[in-house]
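Notes for the structure review
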Amino acid sequence: MHKPKSLIQIIRLSMIGLSVLLIVAFGSLWIYEKVKETQGQYTTIRDEYIAEQKDAIKGQVDHAIAYIQQKKSLTDTQLRASVKSRTEEAYQTALYIYEHNRQSKPLAEIKQMVHDALYSASWDDGRGYYFALDMQGTGIINRNRPDHEGQNLINLKDDQGTLFMQDFIAMAKSQPGEGFCSYNWSKPESPDVHLRKISYVKYFAPFDWVIGNGKYLLDEEKEIQQEILQRVETIRYGTDGYIFIGRWDGLTLSGPSKGKNMIDITDAKGLKIVQELIAKAKAGGGFVNYVMPKLENKRMAPKISYAAAITDWQWYVGTGVYVDAIEKIILAKQQALTKSVKDFVVKSLLTLLFFFLFSAILVFYLSRKIKCNLDAFSSFFNQSADKAFPIVEEKIAFSEFHSLAIAANRMAAERHQAWLSLEESERRFHQVFDAAHIPLAITDRNDHIHLLNRKFIDLFGYSQEALPDMAHWWELTCPVDDSLEMLSLKWRDATADSLKSGKPLEEFSARVTCTDGSIRSIVMGSSLVGTWWLLSFQDLTEQEKAEEEKRLLEEKLAQAQKMKAIGLLAGGVAHDLNNILSGIVSYPELLLMQLTPDSPLRKHVEAIRESGKQAAEVVADLLTVARGIAATREIVNLNTLITDFFVSPEYLRIRSLYPGVHLISELEPTLLNISCSTIHIKKSIMNLVLNAAEAIDGSGTIIISTINCYVDRPIAQNQYLKMGEYVLLSVKDNGSGISENDLERIFEPFYTKKVMGKSGTGLGLSVVWSSVQDHGGAINVDSSDQGTVFTLYLPATRENVEQREQIADINELRGNGEQILVIDDEKQQREISSSYLTALDYKVGIVDSGEQALEYLKTHTVDLILLDMIMDPGMNGRQTYEHIINIHPGQKAVIASGFSETEEVKKTLALGASNFIKKPYTFQQIGKAILKALKN
């Protein structure tokens, strides 16, 4: 009989022999590769390190070149924007003077007023000036060349022969009557030197003039170059790395030799360093090796530098690194590598020895465990078998498996138990499949549906019997008949491609109809499991609704940001106009104080004052649009403001313009109070009523109503409203409504389709929107062809209505000789303030900046300061007041500004200033503010 071999003996001998062979082979190869790798590193480490340093310094130069090129690209853009802006300012100034004087002054006098205003204007340290000529070429205004005024310049040429005056006139005649012109022209300080100049001209139709200004391209480039040099000088990297810049003639612009000509500087070997750097830069950039010459704070050592060129400026830009530092680092790395190799060999031998011992122990341990396990298997099979299927024992090769052959003959009895387990497994599968939280379906490759889970039936409503295959699914669920064929074909093609490629189906989007008639958006996914498709259906209906709501909110946010940007622009214009209007409003008041009641001039002066006040109201609208309401808030009842409107001149004017329109008020008797700027809420009421009247063609009705409201959940158009009590103001008309396109833009400043001169400036609804926003409220607009309803939400308060302050008599506003210091950078405003305060029996001191105020107050004391908030250049009002209270703690102050009650104003009030008044202020306003501050 054949004697089986011992499997355990064979395993032990094979594993020990294999371990020894692997340890010797891999250990030798491991150590050999490490030594070879180290030898290779010795030969390449210096070249790699130097290449690394070269890349580093080249990168620094490339960054500097990119920065310079970026700044250069801005030169022409900035210059053109600057001259265009200046010409637009001159045009608006001339237009303003013309519009405000054409009814009361002869044209020649108005032209002289415009001439004087533009002739006196200058900027950029006197380099900037305006010029003007008529369309026949006669010079009108020229601060640079006064001798040109009155001369016909139509044939005036520059040094290139360009008839640039004719170019100006041609540009004015073109559409749109304005544009850029370039030519060569001399500076006042260098009449024989002609430089490139870019001008922007604009046709002024009232006078048949061409108005413009220009700027030299060289001036703009010099400013950019100076900014670049200042920035580059701040760049530092590494231990002592810096960027140097020089011209091609050798003059150093930045770096250790700034201001010196280094064209002939040589190193110890006679190499002309700068000439080499310039040559490399001109050739497109390159490296230069040299020894650093003796310079202040620089050591004489080998160095590598890289330079590149800015060709049109004839600049070279570079940086460098010392080579001797590289040699020390390379030596240290070589020593570290040698030690690393020695340590590696020792550690490798110890590791291999340990691995051999561990392998031997592991072999004996595993062989012992194998035999124990085989014995355990044999015992198990003998105990669990109940039916035998004979195995020929002589065919077993190893003695260890001899007992297993006997046990295997008894395994058939376990088949019955296996079938029972399979049935239990199928039952559990159905439970899990039915309990899945997403709809699932199982189909075969012929699209027959074999199984649907409970989530599928609950969501879509279709039973297993209603859906024998996918064709029935598409037929029952397709929401549109003409797309049924397309979806079915698309599904068949997708499944065919998947079967052919062996890849899962891509996600399949569709809109399906449920049995209850609802339409849902789904994404179908699939997995091919053997011969079956597992289909999943993701319901995206609620997600799409949420995304649509998010889109609507994002559109509202974009609209709010656009309104804010337009508002900031309007605010800047309003601030400048307020300074101009100060004289128009204030000087007539001073004149009226000196005129007798029966003076023939009194009527004209009062007309000037009223015109100034009307202009100031337009400016106030601009400030409101700019979200900067410079007004005190008070507790009032909205019903009172509406009642006041029905007896106001504005209401009477609307009635006269639109006699067929009837106004009806429906006011809540127990309406809550609001804290508001009454002037802005009144103006909002007037603008809404006027807007409603203009929307009615012929006869119609406007209903103004109020009601109390409590907001406890988001409102459709204003989900950002805070929860709480509100007062609702509604203005409803039965006009023709607002188109959908116009509805999106009605709150934008100057957007109007109404008749100019009759309907206003186009700021009406912008004022309403900004006022409501500033009061923490919201506005809704609903419009159709049956009419429009504007609804304003204003936060309510439980505080009582405040009693309104009465207009004081002038004698009640007089002082007792108190000393007041006026601080304002506008000359006209200083004169107005001084005249007012002097008329009120105060002693007045005047300074034109915060710095002068501090010098004055070091040697003087005053009872109160009248402080302007915006002073440029220099310290603003808040900074000035901070320094003043350090000199005179508790110094009383009144703040004045033509813009708004900004954060700077609030900080100044928090420091101890008494109150704030807005420019242009009246005699009454400044008198009350000063008197209140002195008594506080």
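Turning next to the pairing of strand 13 (residues 440–444). When a strand is regular, its side chains alternate between the sheet's two faces. For strand 13, a buried count of five out of five residues is recorded, marking the element as mostly surrounded by other parts of the structure. Burial along strand 13 is two-sided: the residues Leu440, Ile442 and Asp444 and Ala441 and Thr443 are all buried. Here strand 13 runs beside strand 14 (residues 449–452); their pairing, made up of three bridges, is antiparallel. Bridge pairing links Thr443 to Ile449 in strand 14. Here strand 13 hands over to strand 14 after four residues, with Asp447 in that stretch at a positive phi of 70°.

Strand order in the open sheet formed by five strands is 9-8-12-11-10, with antiparallel pairing between adjacent strands. Edge positions in the open sheet fall to strand 9 (252–254) and strand 10 (286–291), since each of these has one partner strand only. Averaged over all neighbouring strand pairs, the angle between strand axes comes to 30°, with direction disregarded. With six bridges connecting them, strand 10 and strand 11 (residues 302–310) associate as antiparallel partners. By the bridge assignment, Val291 is partnered in strand 11 with Pro302.

Attention now moves to the packing of helix 14 (residues 638–645) against helix 16 (residues 678–695). Interaxial distance between helix 14 and helix 16 falls to 10 Å at its minimum, and their mutual angle equals 55°. On the basis of their axis angle, the class for helix 14 and helix 16 is oblique. Seen along the crossing, helix 14 lies across helix 16 with a hand that is right-handed. Here helix 14 contributes Leu638, Leu641, Ile642, Asp644 and Phe645 to the contact with helix 16, which in turn contributes Thr678, Ile681, Lys682, Ile685, Met686 and Val689. Considering only residue class, the contact of helix 14 with helix 16 consists of eight nonpolar, one polar and two charged.

For the coordinates displayed, the defined rule picks out 17 salt bridges. Residues Glu89 and Arg86 are paired through a salt bridge, measuring 3.5 Å at the closest nitrogen-oxygen approach. With a gap of three residues between them, Glu89 and Arg86 both fall in helix 1 (residues 7–101), about one helical turn apart. The exposure class of Arg86 is partly exposed, given its relative accessible area of 27%. The closest approach of N and O atoms between Lys202 and Glu88, which form a salt bridge, is 2.8 Å.

Quick look at the side chain of Asp733 now. Mapped onto the elements, Asp733 comes out in strand 22 (residues 724–733). Salt bridges are absent for the buried Asp733, whose nearest opposite-charge side chain, Lys732, sits at 9.5 Å. A polar side-chain atom of Asp733 sits 2.9 Å from the main-chain amide nitrogen of Gly735. Once residues within four sequence positions are removed from consideration, Asp733 is found in contact with Ala692, Ala695, Ile696, Thr701, Ile702, Gln786, Gly787 and Thr788.

Moving on, we get to the sheet that holds strand 4 (residues 190–204). What links the strands of a sheet is backbone hydrogen bonding, and the strands pair in either a parallel or an antiparallel sense. With respect to topology, five strands assemble into an open sheet ordered 2-1-5-4-3, the strand pairing being antiparallel. The open sheet has two edge strands, strand 2 (139–142) and strand 3 (178–187), and neither has a second partner. Direction aside, neighbouring strands of the sheet carry axes that sit 25° apart on average. On top of the sheet, helix 2 (residues 107–120) reaches strand 1 (130–134), strand 2 and strand 5 (209–216); it is set at about 35° to strand 2, its chief contact. In this fold helix 4 (residues 217–232) packs onto strand 3, strand 4 and strand 5, with an angle of close to 40° to the strand it touches most, strand 5.

Here we come to a nonpolar patch on the surface. A cluster of nonpolar residues, Leu18, Leu21 and Leu22, forms a patch on the protein surface that exposes about 280 Å² of accessible area. Mapped onto the secondary structure, Leu21 falls in helix 1.

Moving on to the environment of Gln538. One can find Gln538 in strand 17 (residues 532–539). Considering only alpha carbons, one finds Gln538 and Pro439, 99 residues apart in sequence, at a separation of 7.3 Å. Ignoring any residue separated from it by four or fewer positions in sequence, one finds Gln538 in contact with Ser521, Ile522 and Val523.

Before going further, it helps to spend a moment on a negative patch on the surface. Residues Asp47, Glu48, Glu52 and Asp55 make up a contiguous surface patch of negative charge. For Asp47, the location among the structural elements is in helix 1. According to the relative accessible area criterion, Asp47 is exposed, its value standing at 53%.

In this section: the packing of aromatic side chains. Throughout the structure, instances matching the rule amount to 20 aromatic pairs. For the ring pair Phe164 and Trp185, a centre distance of 5.2 Å and an interplane angle of 65° mean the geometry is edge-to-face. Of this pair, Phe164 sits in helix 3 (residues 164–173) while Trp185 sits in strand 3; the two residues are 21 residues apart in sequence, bridging distant segments of the chain. Summarising the aromatic geometry, the rings of Phe168 and Tyr183 are spaced 5.6 Å apart at their centres and angled 75° between planes, so their arrangement reads as edge-to-face. Highlighted residues: Phe168 in helix 3 and Tyr183 in strand 3, separated in sequence by 15 residues. Exposure remark for Tyr183: the relative accessible area of 3% places this residue in the buried category. A connected cluster of aromatic rings, assembled from ring pairs, spans Tyr91, Tyr98, Phe204, Phe207 and Trp209.

As a further point, take helix 20 (residues 850–859). Taken together, the buried positions of helix 20 are Gly850, Ala853, Leu854 and Leu857. Down the axis of helix 20, the smallest arc covering the buried residues is 100°, so these residues share one side. Exposed positions of helix 20 whose direction lies more than 90 degrees from the buried face are Glu855, Lys858 and Thr859.

Conventions we followed
- Residues numbered from 1 in each chain as written.
- Predicted model: local features only at pLDDT ≥ 70, side-chain atom pairs only at ≥ 80, totals over all residues.
- Heavy atoms only, no water.
- Buried < 20%, exposed > 50% of the residue type's maximum accessible area, 1.4 Å probe, protein only.
- Helix = DSSP H or I, 4+ residues; strand = E, 2+ residues; numbered from the N terminus.
- Pairing = 2+ DSSP bridges.
- Axes fitted to C-alpha atoms, helices over the stretch in contact; angles between N-to-C directions.
- Parallel < 35°, antiparallel > 145°, perpendicular 65-115°, else oblique.
- Left-handed = near helix turned anticlockwise from the far one by under 90°.
- Contact = heavy atoms within 4.5 Å.
- Nonpolar A, V, L, I, M, F, W, Y, C, P; charged D, E, K, R; others polar.
- Salt bridge = Lys/Arg side-chain N within 4 Å of Asp/Glu carboxyl O.
- Lys, Arg positive; Asp, Glu negative; His and termini not counted.
- Polar contact = N/O pair within 3.5 Å; in protein donor to acceptor, adjacent residues only side chain to side chain.
- Patch = residues over 30% accessible without salt bridge, like charges linked within 9 Å, V, L, I, M, F, W, Y side chains within 5 Å.
- Areas by Shrake-Rupley, 256 points an atom, 1.4 Å probe, with all protein chains shown as cover.
- Charge placed at Lys NZ, Arg CZ, Asp CG, Glu CD.
- Phe/Tyr/Trp six-rings, centres within 6.5 Å; stacked < 30°, edge-to-face > 60°.
- Arc of directions from axis to C-beta.

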